[in-house]
Amino acid sequence: MSEIEQIRQLERKSKMRNAVWTTAVFVLLILWAIIVLFPFYWMLLTSLKSYGSYNSEYVPKFYTLSLTIENYIKAFTAVPLARYFSNTIIFTLITTGLMMLVVVLSAFAFSRLEFKGKNLVFTLFLSLMMIPNELVVITNFVTITNAGLRNSFAGLILPSVTSIFYIYLLKENFEQIPEELYKAAKVDGTSDFKYLWKVMIPICRPTIVTVLILKVIECWNAYVWPRLITDDENYFLVSNGIQTIRESGFGRENIPAMMAAVVVISVPLIIIFLIFHKKIMEGVSRGGTKG
Amino acid sequence: MKIVLEHLTKKFISRHNKNEIVTAVNDFDFEIPDGKLIGLLGPSGCGKSTTLNLICGLETPTSGKIYFGDLDVTNLPPENRGVGMVFQNYALYPHLSVRANILFPLENLKGADRLSKEAMEEKAMEAAKLVQIDELMERKPNELSGGQQQRVAIARALVKTPGVLLLDEPLSNLDARLRLQTREQIRRIQKETGITTIFVTHDQEEAMSISDLIIVMKAGILQQMGQPQEVYNDPVNLFVAQFLGNPAINVFDGSVRDHKVYIGEDCVGERNVEDQEVSVGIRPEAFIPDEKGPFRCVFDRVETTGRDTSIVCHNEHCVSDEDVRAIVAADEKLNNKDGIIRFSLKPYKVHVFSKKDETVIHE
Amino acid sequence: MNNKNNLKGWLYLLPAMIFIGIFMVYPLFDVFVYSFEEGYNFASQTYQGIGLYNYSYVLHDPYFLQAIKNTFILVIITVPLSTTVALLISLALNSIKKLKDLFQTIFFLPYVTNTLAVGLVFMILFKKTAYSEGLVNLLLNSFGIASIDFIEGPYWAKMFVLCFYTIWIVLPFKILILTSALASVNKDYYNVARVDGTSRWRIFYKITLPMISPSLFYLVITGFIGAFKAYSDVVALFGIDLNAAGMNTIVGYVYDMLYGNSGGYPSFASAAALILFAIVLTITVINLLVSRKNVHYQ
């Protein structure tokens, strides 16, 4: 046995001293991992079983050998899943884009510009962070309805744009850029807007990307507001779509087709998550909350 | 309590390369006598802290044994070794008061060892008095200065009256003035308690000033162990010579020819060995300006810092630094002809090292 | 120059001010107004008087009382339970090196999933139908327990599924926060405690817990607030008609009031929303008071 093997073994041994403890730890972790992953496995598995074979299994099988995509075809043909999908993409892109614009501009104003009343406004913004959405949603509902914007993208998007928390997050990040850079740019005659665009945004790209991803997730999963403001299927987002499918789609019992729809709307976010999981987790731990 | 290390070795798998072995401690085999203050000295990453962790039991050796007195503690967990440890950042529990911090180790005791509440308080007070923080008992750590925190950490380590006290870089987080004070404190506390104390440092001056014994390490290997002055005066190799002393020793490329040691054409000493290339180390305080002295340098300037005057000059054979630095008495007269200055040298401050393995060449 | 600067600052802020003004500040005042306007008619936008009738109506509405009961049960069960489980899992995560990243990533997955979509999967797993017992029931059967309809059956069974799903949904966030809090505790504290012979339990209770208490407290506060606002996970499990299922929550009640025929009853909805806000505020204040004593901020 080589020396390196011996050392490895010794290091392992000193870890193994708490074998019982380590086992308990891993049992707990694996158990929870199964609880987390199982629903995903189950939706995927069920979506690949044919309608007939699913219903013939009194005790459902944990695997299937006869894969079928009939459920996916059904999901896209029997209900307007593609429409829900494109609605959600449009909603997500425009909302996130608008939000970013609003957030960057105001974060810049708060962090770099000097003007009367700045601190007062900022304090006001911060205190608004504590106001729960449920309190303002009622009036927004009335406002949008009165403006005739029910069942329209404008009605979906406009109230979803504001995100004070992201203004706060970005302002903090902007402030970490040394003041000297700004002064130097001023001396060189750089305009504020150019400075923001050419210096601050590139430097703060990590935070901006994090904010973007978090907002995309939020938009993709939006349910409450879209449900209130749309009752025309042509404007449903995926969340409402899935709820409609649950209530009436496919006839009540075509569970494999339902699962296919669930897989389809879950996949985009899971892909984004797998690519950006470090960024997302870091962003969330810096102060995001659920919902 | 005396500490015996017997062929103590600690090897790691490298964190960067899974197929590489890092030997943090290589075959340490020596005895630390009872009741002394020992400075474990070496550059960063040389394995000092690992040695300390092995002694206190936070790490287990790859091979070799550790004895406290006659007791083999190699496989004992830290809590059964009876050691007190002070970490570099003190690791005071920030949510507990000074009193609660000091009481903490006592409250861990169970069964027959457990003291009554009053006895605990008394011991805690005793430890606090020893380190002179008995007036700060109700404060939280963040309300204390760095030096005070350090003393609380020492009190916490001492409260169980350990057989061995270990200090990891105890002074590195303090500013220069506090450092002087605190090291005297450590010295005093050690003398008063008589507990065998080992402290780790990369600062040679710190180690030299208060230790009874110093141990010089480099890359996991013990270089030299002895009383500070002894090690300073008689370094076993070039590394030890260069590591100890401030300003650092001047090192020159030299050679031995006919039992005489030359730097360039200047004869600076004698060594009874065969002809070879050598490194010559000359302590700054070895230089005596002397018109007839054998050693010649190009004079640059004189720097006076308080009591010392240093002559800064150049020598093409010097390899340690651009400047050759000589410390002389302030009233010394300078001979300076055509920019050349001559020195005679105190022979016991001139060390000759073999080029091959950098070990010292005596006589 | 100064005026120009002022103008520029406000210009940059203008978009945010417009959005926040219309969709947050104005509604905030308006919701109070609505809640006091008696007999408000959405179609004609008229009302009959000012008073507390809306509150009285809501507080006497059996659906609202049921919603309050459901919400409170949900909060009381899920907040302590999810925090404890998250703490256990985070401790476990923090004690391993290998596979830590993998587990962490897996555990975070529910955070990014669509609540409605996965809720549907949960429903199918728990549902008992004519031709299938549902997977959970089969599991129960194998332990010799009779099947239960978790989705349309007894109240406690429905509550169980709801709590289970809620915990499943909220745990990723809590695990994430606690894991990073635990990881940021300096290892030297544990080392010094070990050298001093501190038992595992005492290390946890006397060192770890106080050190992470700010994060823990943050989670309890946000946990309470979040659980009081439970809605979409309930819809996912029990469908849109929550009143019929007897599983409505306060937020669900608010939305149902709006969603009803011809624009619904914004006044009742406002009154209910303000009652919810008052409850959440009270709980948060109590939390803050309790934390003063028990949370250690560095």
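Not measured: the values here are computed from a predicted model. (Residues numbered from 1 in each chain as written. Chains lettered and ligands numbered in written order. Predicted model: local features only at pLDDT ≥ 70, side-chain atom pairs only at ≥ 80, totals over all residues. Heavy atoms only, no water.)

1. Digging into the overall build of chain B
Within chain B, the regular secondary structure consists of eight helices and 20 strands. Across the 363 residues of chain B, 52% fall into the buried class. Of all intrachain contacts in chain B linking residues separated by at least 6 positions in sequence, the fraction that spans at least 24 positions is 65%. Total accessible area on chain B stands at roughly 16600 Å², and carbon and sulfur atoms take up 46% of it. Distance between charge centroids for chain B: 4 Å, based on 43 positive and 55 negative side chains. (Helix = DSSP H or I, 4+ residues; strand = E, 2+ residues; numbered from the N terminus. Buried < 20%, exposed > 50% of the residue type's maximum accessible area, 1.4 Å probe, protein only. Contact = heavy atoms within 4.5 Å. Areas by Shrake-Rupley, 256 points an atom, 1.4 Å probe, with all protein chains shown as cover. Lys, Arg positive; Asp, Glu negative; His and termini not counted. Charge placed at Lys NZ, Arg CZ, Asp CG, Glu CD.)

2. Structural notes on the side chain of Lys171 of chain A
All names here are of chain A. Assignment of secondary structure puts Lys171 in helix 9 (residues 164-175). A residue is classified by how much of its surface remains accessible, and Lys171, at 10% relative accessible area, is buried. Apart from residues lying up to four places away in sequence, Lys171 is in contact with Ala107, Phe110, Ser111 and Phe122.

3. Quick look at the pairing of strand 20 (residues 350-354) of chain B
Consecutive side chains along a regular strand alternate between the two faces of the sheet. All names here are of chain B. Among the five residues that make up strand 20, five are buried, leaving the element largely enclosed by the rest of the structure. Neither face of strand 20 is exposed, since Val350, Val352 and Ser354 on one face and His351 and Phe353 on the opposite face are all buried. Note: strand 14 (residues 276-282) against strand 20, five bridges, orientation antiparallel. Considered in strand 20, the bridge of Gly281 is made with His351. (Pairing = 2+ DSSP bridges.)

4. Describing unusual backbone geometry
At the junction of Asn246 of chain B and Pro247 of chain B, the peptide bond is cis and its omega measures out at 0 degrees in the coordinates. Note that Pro247 of chain B resides in the loop between helix 8 (238-243) and strand 11 (250-257). For Asn151 of chain A, which is not glycine, the phi dihedral falls at a positive 55 degrees. With respect to the secondary-structure elements, Asn151 of chain A resides in the loop between helix 7 (133-146) and helix 8 (153-157). One non-glycine residue, Asp27 of chain B, lies in the positive phi region at around 50 degrees. Examined against the element boundaries, Asp27 of chain B turns out to sit in strand 2 (residues 21-32).

5. Digging into the pattern of salt bridges
Side chains that carry opposite charge are capable of pairing whenever their charged atoms lie near each other. All names here are of chain A. With the rule as written, the count across this model stands at 27 salt bridges over all chains. A salt bridge links Arg150 to Asp231; the nearest nitrogen and oxygen atoms lie 3.5 Å apart. In this pair, Arg150 sits in the loop between helix 7 and helix 8 while Asp231 sits in the loop between helix 13 (224-229) and helix 14 (238-247), placing the two residues 81 residues apart along the sequence. Relative accessible area serves as the criterion here: at 24%, Arg150 is assigned to the partly exposed category. (Salt bridge = Lys/Arg side-chain N within 4 Å of Asp/Glu carboxyl O.)

6. Comments concerning helix 2 (residues 98-107) of chain B
Here helix 2 of chain B lies mainly inside the structure; eight of its ten residues are buried. Buried residues along helix 2 of chain B sit against helix 3 (117-130) and helix 4 (146-158) of chain B together with helix 9 (200-228) of chain C.

7. As for the packing of aromatic side chains
All names here are of chain A. Throughout the structure, instances matching the rule amount to 44 aromatic pairs over all chains. Here the aromatic rings of Tyr84 and Phe236 are separated by 6.2 Å at their centres, their planes lie at 35 degrees, and the arrangement is tilted. One end of the pair, Tyr84, is in helix 5 (residues 81-112); the other, Phe236, is in the loop between helix 13 and helix 14, with 152 residues separating them in the sequence. On the accessibility criterion, Phe236 (10% relative accessible area) is buried. (Phe/Tyr/Trp six-rings, centres within 6.5 Å; stacked < 30°, edge-to-face > 60°.)

8. Observations concerning the interface of chain A and chain C
At the interface, 97 residues of chain A touch 93 residues of chain C. Carbon and sulfur atoms make up 76% of the surface buried where chain A meets chain C, a total of about 8800 Å² over both sides. Where chain A meets chain C, there are two salt bridges. Here Lys8 of chain C and Asp192 of chain A are joined by a salt bridge, their closest N and O atoms 2.4 Å apart. Summed over the shared surface of chain A and chain C, the number is 16 residue pairs in polar contact (both at pLDDT 80 or more). Ranked by the residues each element gives to the side of chain A that touches chain C, the list is headed by helix 2 (residues 19-48) of chain A, at 16 residues. Of the residues in the side of chain A that touches chain C, the class split is 64 nonpolar, 21 polar and twelve charged. (Buried area = accessible area lost by both parts, 1.4 Å probe. Polar contact = N/O pair within 3.5 Å; in protein donor to acceptor, adjacent residues only side chain to side chain. Nonpolar A, V, L, I, M, F, W, Y, C, P; charged D, E, K, R; others polar.)

9. Considerations on a nonpolar patch on the surface
A surface patch of nonpolar side chains, about 490 Å² in accessible area, is lined by Tyr41, Phe62, Tyr63 and Leu65 of chain A. Along the chain, Tyr41 of chain A turns up in helix 2. (Patch = residues over 30% accessible without salt bridge, like charges linked within 9 Å, V, L, I, M, F, W, Y side chains within 5 Å.)

10. Quick word on helix 15 (residues 255-285) of chain A
Residues and elements named next belong to chain A. End to end, helix 15 covers just 36 Å across 31 residues, shorter than the expected 45 Å (1.5 Å per residue, more than 12% under). Maximal helix bending in helix 15 amounts to about 90 degrees, located at Phe276. Two to three positions downstream of the cap, the backbone nitrogen of Ala257 sits 3.2 Å from a side-chain oxygen, assigning the N-cap of helix 15 to Asn254. (Expected span 1.5 Å × (residues − 1). Bend = angle between axes of the 7 residues up to and from the residue.)

11. Thoughts on the confidence of the model for chain C
Here chain C averages 87 in pLDDT, and 96% of its residues register 70 or above. As scored by the predictor, the complex reaches a pTM of 0.84 and an ipTM of 0.88. (pLDDT = per-residue confidence, 0-100.)

12. With respect to the confidence of the model for chain B
Detailed reading of the predicted coordinates is not advisable wherever pLDDT falls low. Taken as a whole, chain B shows an average pLDDT of 85; of its residues, 98% reach a score of 70 or greater. Model confidence for chain B, summarised as mean pLDDT per element, is weakest for strand 13 (residues 266-270) of chain B at 80 and strongest for strand 8 (residues 196-201) of chain B at 90.

13. Some thoughts on the packing of helix 7 of chain A against helix 13 (residues 266-294) of chain C
It is at 8 Å that the axes of helix 7 of chain A and helix 13 of chain C come closest, and there the two elements cross at 165 degrees. The orientation of helix 7 of chain A with respect to helix 13 of chain C, classified from their angle, is roughly antiparallel. When you trace helix 7 of chain A past helix 13 of chain C, the crossing you get is left-handed. Contacts between helix 7 of chain A and helix 13 of chain C pair Glu134, Leu135, Ile138 and Val142 of chain A from the former with Pro266, Ala269, Ser270, Ala273, Leu274, Leu276 and Phe277 of chain C from the latter. Class assignment for the residues of the contact of helix 7 of chain A with helix 13 of chain C results in nine nonpolar, one polar and one charged. (Axes fitted to C-alpha atoms, helices over the stretch in contact; angles between N-to-C directions. Parallel < 35°, antiparallel > 145°, perpendicular 65-115°, else oblique. Left-handed = near helix turned anticlockwise from the far one by under 90°.)

14. Regarding the pairing of strand 12 (residues 260-263) of chain B
Residues and elements named next belong to chain B. Sheet analysis places strand 11 next to strand 12, joined by three bridges and oriented antiparallel. Across the sheet, Ser255 pairs through a bridge with Tyr262, a residue of strand 12. Where strand 11 hands over to strand 12, the hairpin turn is made up of two residues, of which Asp258 adopts a positive phi near 50 degrees. Judged from the four bridges that link them, strand 12 and strand 13 form a sheet pairing that is antiparallel. If you follow Ile263 over to strand 13, its bridge partner there is Asp266. The hairpin formed by strand 12 and strand 13 contains two residues between the paired strands, and Gly264 there has a positive phi angle of roughly 60 degrees.

15. Some thoughts on the sheet that holds strand 3 (residues 37-41) of chain B
Residue and element names in this part refer to chain B. The six strands lie next to each other as 6-7-8-3-9-10, forming an open sheet whose pairing is mixed. For this open sheet the edge positions go to strand 6 (83-86) and strand 10 (221-226), each flanked by a neighbour on one side alone. The average undirected angle you get between the axes of adjacent strands in this sheet is 15 degrees. By the bridge criterion, five bridges tie strand 9 (residues 213-218) to strand 10 in an arrangement that is antiparallel. By the bridge assignment, Ile215 is partnered in strand 10 with Met225. Lying over the sheet, helix 4 contacts strand 6 and strand 7 (164-168), oriented at roughly 165 degrees with respect to strand 6.

16. Here's the deal with the sheet that holds strand 1 (residues 3-13) of chain B
Residues and elements named next belong to chain B. Pairing in this open sheet of four strands is antiparallel, and the strands run 2-1-4-5 from one edge to the other. Of all the strands in the sheet, just strand 2 and strand 5 (71-72) have a single pairing partner and so form its edges. For strand 1 and strand 2, the ladder comprises eight bridges, and the chain directions are antiparallel. Paired with Val4 across the strands is Glu31, a residue of strand 2.

17. Things to note about the environment of Pro62 of chain C
All names here are of chain C. Topologically, Pro62 is positioned in helix 3 (residues 62-94). Classification of Pro62 as exposed rests on a relative accessible area of 61%. Linking Pro62 and Pro266, residues 204 residues apart in sequence, is a C-alpha distance of 18 Å.

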